[in-house]
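Take a look at the letters that make up each chain.
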Amino acid sequence: MPSPSADHSTTPRAATKAVIPVAGMGTRFLPATKAVPKELLPVVDRPALQYIVEEAARAGLPEVLMVTGRGKGAIEDFFDRTPELETALEAKGDTSRLDAVHESTDVAQVFFVRQGEAKGLGHAVLQAAAFVGDEPFAVLLGDDIIDARDLLLEQMLAVQAEHGGAVIALLDVGAENISKYGAVAVEDARVSGDAAGDDVFRVTGLVEKPPADEAPSTLAIIGRYVLPPEVFEAIRQTPPGRGGEIQLTDALLRLVDDGVPVHGVVFSGRRYDTGDKLDYLKAVVRLAVEREDLGPSFGPWLRDFVADLPAEGASPA
């Protein structure tokens, strides 16, 4: 590991690669995920994973590595070309659907690597070491969709380019929810932040899923990271932690202890959580209402549907 006195103020080059861990079993969505990877469950008419890849591409990260596991072959198929389908759509003159099919395969250059054992997020990220090399890179978790109008990843990349080290996305989830997340301690004074961007703080400590009364703050780590290549050695030196897994949070704490700067961007924009059934349904509704092709019809129907719901405690008609 680098010594605490090492200079981490600059990086050898700008990030061009993104890593997306997709090896989870999706048990919260059984039985649907018995045969379909949770990352391919549709959010309106695109799988959640396509939103994530599009976000990486918009932020200037054209090379994407997906860390997969057993039973995830459908993800590779989704990002592959489908000549038979494309030929059939061409023959029908169905250009709109043909364009949609092309978007899913042309959005980025997608690579795949297997995580042989489910040993945690830190272990999954470690599988990307050969792909990443010696440059900073982004990690995007597929459960969090960030609205395309909110440039969270772009801001994180800019913070990393300025300060070096690692940058993590934070969200104030309140004391009642912090035990579900990795939590951070931050310095009182913010590094930057104004009307044009979210607040940025220096991170001084991290802990994975603490009890509410032991959490250092109500700032939770959400599924966006920009990491330096030093994180791979930190992961290798990190023993299994909570749940018997190698936690990325623990590896980031090791970076902090070794003097590597870690900054947190406190996100204040629109985030859609597709990792929970209720939040998944909310995400589908919110994104559908805002669609130009669906919103004008779906919005009024939704208002009428809600207006006709029986009052709480009343029996349905």
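All values derive from a computational prediction rather than experimental measurement.

## Structural notes on the overall build of the protein
Counting secondary structure elements, the protein contains 11 helices and 13 strands. Over its C-alpha atoms the protein spans a radius of gyration of 21 Å, differing by no more than 12% from the 20 Å that the globule rule assigns to 317 residues. Along the longest, intermediate and shortest principal axes, the C-alpha atoms of the protein span 65 × 55 × 40 Å. For the protein, with 317 residues in total, the buried portion stands at 45%. Just so you have it, the protein exposes about 15,700 Å², and 52% of that area is on carbon and sulfur atoms.

## Describing the environment of Gly 24
Structurally, Gly 24 is set in the loop between β1 (17-21) and β2 (42-43). With 43 residues separating them in the primary sequence, Gly 24 and Val 67 have C-alpha atoms 9.8 Å apart. In this view, Gly 24 contacts Glu 39 and Lys 72; residues no more than four positions away in its chain are not counted.

## Here we look at the domain arrangement of the protein
Many descriptions give the size of an interface as the accessible area lost when the pieces come together. On domain assignment, one finds that the protein holds domain 1 (14-149) and domain 2 (162-269). Contact residues are listed per partner, giving 25 residues for domain 1 and 17 residues for domain 2. Taking both partners together, domain 1 and domain 2 bury about 1,700 Å²; carbon and sulfur atoms supply 67% of that area. The interface formed by domain 1 and domain 2 contains 1 salt bridge. The salt bridge involving Glu 55 is made with Arg 224; its shortest N-O contact spans 2.7 Å. The interface formed by domain 1 and domain 2 holds 9 residue pairs in polar contact (both at pLDDT 80 or more) in total. The biggest single contributor to the side of domain 1 that touches domain 2 is helix α5 (residues 121-126), with 5 residues. Counted by class, the side of domain 1 that touches domain 2 contains 16 nonpolar, 4 polar and 5 charged residues.

## Looking at unusual backbone geometry
In this model, Leu 30 is joined to Pro 31 through a cis peptide bond whose omega is 10°. Mapped onto the fold, Pro 31 is located in the loop between β1 and β2. Backbone geometry places Val 44, a non-glycine residue, at a positive phi of 70°. When you line up the elements, Val 44 lands in the loop between β2 and β3 (46-47).

## Some remarks on the packing of helix α3 (residues 83-92) against helix α4 (residues 95-106)
Remark: α3 packs on α4, axes separated minimally by 9 Å, with the N-to-C direction vectors making an angle of 155°. Classed by the angle they form, the pair α3 and α4 counts as roughly antiparallel. Read as a crossing pair, α3 and α4 show a hand that is left-handed. Side by side, α3 and α4 meet where Leu 85, Glu 86, Leu 89 and Glu 90 of the first sit next to Arg 97, Leu 98, Val 101 and His 102 of the second. The residue makeup of the contact of α3 with α4, split by class, is 4 nonpolar, 1 polar and 3 charged.

## Some details on the pairing of β1
Burial of β1 is extensive: 5 of the 5 residues sit out of reach of the surface. Of the two faces of β1, the one holding Lys 17, Val 19 and Pro 21 and the one holding Ala 18 and Ile 20 are both buried throughout. Note that β1 and strand β6 (residues 137-140) share 2 bridges and pair parallel. Among the inter-strand pairings, Ala 18 is bridged to a residue of β6, identified as Ala 138.

## Brief notes about the packing of helix α10 (residues 277-290) against helix α11 (residues 295-307)
Describing two packed helices takes the angle between their axes plus the distance from one axis to the other. Here α10 crosses α11 at 125°, and the two axes come no closer than 7 Å. The orientation of α10 with respect to α11, classified from their angle, is oblique. Along its contact with α10, which presents Val 285, Ala 288 and Val 289, the element α11 presents Gly 295, Phe 298 and Leu 302. When its residues are assigned to classes, the contact of α10 with α11 shows 5 nonpolar, 1 polar and no charged.

## Thoughts on the pairing of β6
Residues Phe 137 and Val 139 point to one face of β6 and Ala 138 and Leu 140 to the other, with burial holding for every one of them. Relative to strand β11 (residues 219-227), β6 runs antiparallel, the two sharing 4 bridges. Across the sheet, the residue bridging to Leu 140 is Arg 224, located in β11.

Reading guide: rules and limits
- Residues numbered from 1 in each chain as written.
- Predicted model: local features only at pLDDT ≥ 70, side-chain atom pairs only at ≥ 80, totals over all residues.
- Heavy atoms only, no water.
- Helix = DSSP H or I, 4+ residues; strand = E, 2+ residues; numbered from the N terminus.
- Rg over C-alpha atoms; globule rule 2.2 N^0.38 Å.
- Buried < 20%, exposed > 50% of the residue type's maximum accessible area, 1.4 Å probe, protein only.
- Areas by Shrake-Rupley, 256 points an atom, 1.4 Å probe, with all protein chains shown as cover.
- Contact = heavy atoms within 4.5 Å.
- Domains from an automatic or database assignment.
- Buried area = accessible area lost by both parts, 1.4 Å probe.
- Salt bridge = Lys/Arg side-chain N within 4 Å of Asp/Glu carboxyl O.
- Polar contact = N/O pair within 3.5 Å; in protein donor to acceptor, adjacent residues only side chain to side chain.
- Nonpolar A, V, L, I, M, F, W, Y, C, P; charged D, E, K, R; others polar.
- Axes fitted to C-alpha atoms, helices over the stretch in contact; angles between N-to-C directions.
- Parallel < 35°, antiparallel > 145°, perpendicular 65-115°, else oblique.
- Left-handed = near helix turned anticlockwise from the far one by under 90°.
- Pairing = 2+ DSSP bridges.

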